[in-house]
Amino acid sequence: MMKKLLSATAVSNPTWYADERVIFHGQAKPYDYYGAKDPTIVYYGGKYHVFYTGANQGGGWQMLYTSASTISGLKNASRIYMSSIGENYFCAPQVFYFEPKKLWYLVYQDGTHGAAYATTTNIADPKSWSGPKSFGISPETWGGIIL
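Residues numbered from 1 in each chain as written. Predicted model: local features only at pLDDT ≥ 70, side-chain atom pairs only at ≥ 80, totals over all residues. Heavy atoms only, no water.

Colleague: Teacher, can you tell me more about unusual backbone geometry here?
Modeller: Glycine aside, negative phi is the norm for most residues, and most peptide bonds take the trans geometry. Put simply, Lys29 and Pro30 share a cis peptide bond, and its omega is 5 degrees. Inspection of the secondary structure puts Pro30 in the segment before strand 1 (35-44). The residue Asp38 is not glycine, and still its phi comes out positive at about 60 degrees. Structurally, the position occupied by Asp38 is in strand 1. One non-glycine residue, Ala92, lies in positive phi territory at about 55 degrees. Within the secondary structure layout, Ala92 lies in strand 5 (residues 90-98). (Helix = DSSP H or I, 4+ residues; strand = E, 2+ residues; numbered from the N terminus.)

What follows is the structure in structure tokens.
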């Protein structure tokens, strides 16, 4: 049986729309006092799950979590510091689900391992993430890698 190949046609003049912001800094002081950046977002189980970097007053970077059933609902959703990971410096989160292991993976930068990751079976529970696990790349050698 042969499958028909689908083709995508480039749109020569795409239109982009920007709506109001939904992630604001200062909603989880002191962890995002100065900034909220690097959001990674997953829609799963009827909710948008957002992990982002917060900048604190001491110059540190931490990750925070929020979720809501709508994008606009993220504006007022509570923010939770990712304390279960247990790092002083951890930022630039990226999240994905790996079906063969049935685990969510949170890949990020940290001050101990350089490039690290944490896992959970429940993306909706920010306290369920494992502590940091190393990719085996030290902070001194990984500086040019972008996650």
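Colleague: Help me out: how do you make sense of the packing of aromatic side chains in this one?
Modeller: The relative placement of two aromatic rings is captured by the distance of their centres and the angle of their planes. The tally for this structure, following the rule as stated, stands at 13 aromatic pairs. Measuring from ring centre to ring centre gives 5.0 Å for Phe51 and Tyr65, while their planes differ by 50 degrees; the resulting arrangement is tilted. With Phe51 in strand 2 (residues 47-55) and Tyr65 in strand 3 (residues 61-68), this residue pair connects regions lying 14 residues apart in the sequence. Consider the rings of Tyr81 and Phe90, whose centres lie 6.1 Å apart with planes at 50 degrees: the pair is tilted. Through a chain of ring-to-ring contacts, the aromatic side chains of Phe96, Phe98, Tyr105, Tyr117 and Phe135 assemble into a single cluster. (Phe/Tyr/Trp six-rings, centres within 6.5 Å; stacked < 30°, edge-to-face > 60°.)

Colleague: When you look at the pattern of salt bridges in this model, what are you seeing that I'm missing?
Modeller: Note that side chains of opposite charge can pair when their charged atoms are close. The tally for this structure, following the rule as stated, stands at 3 salt bridges. One salt bridge in this structure joins Lys75 and Glu20, with 2.4 Å as the shortest N-O distance. Within this pair, whereas Lys75 is found in the loop between strand 3 and strand 4 (80-81), its partner Glu20 is found in the segment before strand 1, the two being separated by 55 residues in sequence. Among the residues examined, Glu20 registers a relative accessible area of 52% and is labelled exposed. (Salt bridge = Lys/Arg side-chain N within 4 Å of Asp/Glu carboxyl O. Buried < 20%, exposed > 50% of the residue type's maximum accessible area, 1.4 Å probe, protein only.)

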